[in-house]
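Structure assessment
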Amino acid sequence: MTEFDYSELRGLIRSKFGTQENYAKAIGISITSLQERLSNKVPFRQTEIVRTKQLLNLSVERLAEIFFTVK
């Protein structure tokens, strides 16, 4: 499985939501599910990516950088 670098997403989570738990609630998943996604154990669902785009007001290009940068 391809591993993605979510370090930029982690930084945005800290700056915009304060905690990973707040971000997880905002996109409708549990903190455990978020941690699995950030550690590349489970892929992000399209709905979670779209919700993140809406919450952070991101362009498609920026979204691609955040979610699809390969380690």
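The structure we're discussing is the one just above.
Residues numbered from 1 in each chain as written. Predicted model: local features only at pLDDT ≥ 70, side-chain atom pairs only at ≥ 80, totals over all residues. Heavy atoms only, no water.

Next up on the list: the overall build of the protein chain. In terms of helices and strands, the protein chain carries 5 helices and 0 strands. Along the chain direction, N to C, the helices and strands of the protein chain fall in the order α-α-α-α-α. Rg of the C-alpha trace for the protein chain: 11 Å, near the compact-globule value of 11 Å for 71 residues, within the 12% margin. Taking the principal axes of the C-alpha coordinates as reference, the protein chain spans close to 25 × 25 × 20 Å. When burial is assessed residue by residue, the protein chain has 31% of its 71 residues classed as buried. Sequence separation of 24 or more characterises 56% of the internal contacts of the protein chain that already satisfy a separation of 6 or more. Summing over all exposed atoms, the protein chain offers an accessible surface of approximately 4500 Å²; the carbon and sulfur share of this is 49%. (Helix = DSSP H or I, 4+ residues; strand = E, 2+ residues; numbered from the N terminus. Rg over C-alpha atoms; globule rule 2.2 N^0.38 Å. Buried < 20%, exposed > 50% of the residue type's maximum accessible area, 1.4 Å probe, protein only. Contact = heavy atoms within 4.5 Å. Areas by Shrake-Rupley, 256 points an atom, 1.4 Å probe, with all protein chains shown as cover.)

Everything listed here is a matter of geometry and, on its own, says nothing about what the molecule does.
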